[in-house]
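# Structural characterization, general
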Amino acid sequence: MNKLAEYAVTEKNSRGRCFAEQTPLGRSEFQRDRDRIIHSGAFRRLEYKTQVFVNHEGDLFRTRLTHSIEVSQIARSIARCLHLNEDLAEAVSLAHDLGHTPFGHAGQDALNLCMKDYGGFEHNLQSLRVVDLLEERYAKFDGLNLCFETREGILKHCSAENAAALGGVGERFLNGQRPSLEAQIANVADEIAYNNHDVDDGLRSGLITLEQLNDVPLVANHLRQVRNEYPNLSERRVIHETIRHMINTLVSDVIESSERNIKEYKIVSLDDVRNAPPILSFSEEMFEQQRTLKNFLRTHLYRHYKVMRMSNKAQRIISDLFEVFMKDVRLLPPQFQIHAEADRARAVADYIAGMTDRYAIREHKRIFAVGDLSESLI
Ligand code: MG
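The text that follows walks through the structure, step by step, so that each part is easy to find. (Residues numbered from 1 in each chain as written. Predicted model: local features only at pLDDT ≥ 70, side-chain atom pairs only at ≥ 80, totals over all residues. Heavy atoms only, no water.)

### Here's the deal with the nonpolar core
- Residues Ile78 and Leu213 are the most contacted members of the largest nonpolar core, which totals 50 residues.
- Among the secondary structure elements, those contributing two or more residues to this core are helix 3 (64-81), helix 10 (181-205), helix 11 (217-229), helix 12 (235-264) and helix 14 (284-302).
- For Leu213, the residues in contact, after removing those within four places along its chain, are Val199, Leu203, Ile208, Val219, Ala220 and Phe296. (Core = buried A, V, L, I, M, F, W, Y, C linked by side-chain atoms within 4.5 Å. Buried < 20%, exposed > 50% of the residue type's maximum accessible area, 1.4 Å probe, protein only. Helix = DSSP H or I, 4+ residues; strand = E, 2+ residues; numbered from the N terminus. Contact = heavy atoms within 4.5 Å.)

### So, the packing of aromatic side chains
- A complete count under the given rule lists six aromatic pairs for this structure.
- Where Tyr351 meets Tyr359, the ring centres are 6.4 Å apart and the plane angle is 80°; that geometry is what we call edge-to-face.
- Among the aromatic residues, ring-to-ring pairing joins Phe325, Phe336, Tyr351 and Tyr359 into one connected group.
- Above the ring of Phe148, the side-chain terminus of Arg15 is found at 4.0 Å from the ring centroid.
- Between Arg366 and the ring centre of Tyr359, over which it is positioned, the NZ or CZ distance is 5.2 Å. (Phe/Tyr/Trp six-rings, centres within 6.5 Å; stacked < 30°, edge-to-face > 60°. Lys NZ or Arg CZ within 6 Å of the ring centre and 35° of its normal.)

### A short note on the coordination of the magnesium ion
- The magnesium ion binds to the protein through His67 (NE2), His96 (NE2), Asp97 (OD) and Asp190 (OD), with metal-donor distances spanning 2.1 to 2.7 Å.
- Counting gaps between the donor residues of the magnesium ion yields the pattern H-x28-H-D-x92-D. In this pair, His67 sits in helix 3 while His96 sits in the loop between helix 4 (86-95) and helix 5 (104-114), placing the two residues 29 residues apart along the sequence. Summarising the burial analysis for this pair, His67 and His96 share the class buried. (Donors = N, O, S within 2.8 Å, 3.2 Å for Na, K, Ca; no water.)

Treat this as a map of the structure, not an account of what it does.
Structure representation (structure tokens):
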């Protein structure tokens, strides 16, 4: 194996697990975390949760599952080049979206609005809640009992109020520290993955066009190069070749610019990483280009009227379900009724957040399709 840098997270400098367990045989502690994540129910459900498009709109669009796998591939490549802990970067990447609601950001916004008087809803925090509490797989503890560094990496943002309630894993939000470089990698890899695959999915859906992308330098530069080099290439291959170049450029840029930061801030230990400004970053030029692409996607894809119609419908499904369960918890499956005794709103939010897109649509029908009472029993 690649020799790790002195500022990488290792089993030796790890803050370990909440519940002590025997050392795993034949795999590292962080490989065990990755394995637990892959075997969780929440991970399997990512297959039927969306990023931008609802799951049944087309078989080739990214889902949260394929997105998470792409994030982990990019994160591992960066971690390996920087001599960091690839297994940890992989575990954080695979777990980073476990707490996402159905219907992507529209679902999260709707659930957050429903929960505004009950502590709000934030998908990062929910991902942590899934691995700390909601997965019921082990005899001795709730959740997956992951290592501190994996949990810390999952919690990307957090309000001061929530951080205070979280204990160790929330501390850095209160004292202004940074997470490990492996966690920072997963964060950047997430951004690289979604910006690029949203261009691909956006083009495939026909909601955006290559012509429009001529105004976005990051895409236009590579597009021009590809067309010059291969004048007779089919449109599909031009798109894939362009996106491949873009990912490669962004990954190389992050690696080079992070190496510069490591030198500039004289990082020689994990403590240095925690106390320095963010190390994993794009160069200024690439940061700007990424920002232009993001703005383009926001205006032309995420706010496309067809996407807005879908989001609007999705938000109604979420708020209808929330309202009906809050009024009568007896409509919840039994295990959530038990949780509702302690905190009704949080139990309802946990139930809704765990739903896949199609499950939420079906559940809405089961409860609200009054024309057909037999629907309720399916
Ligand atoms: Mg993500």
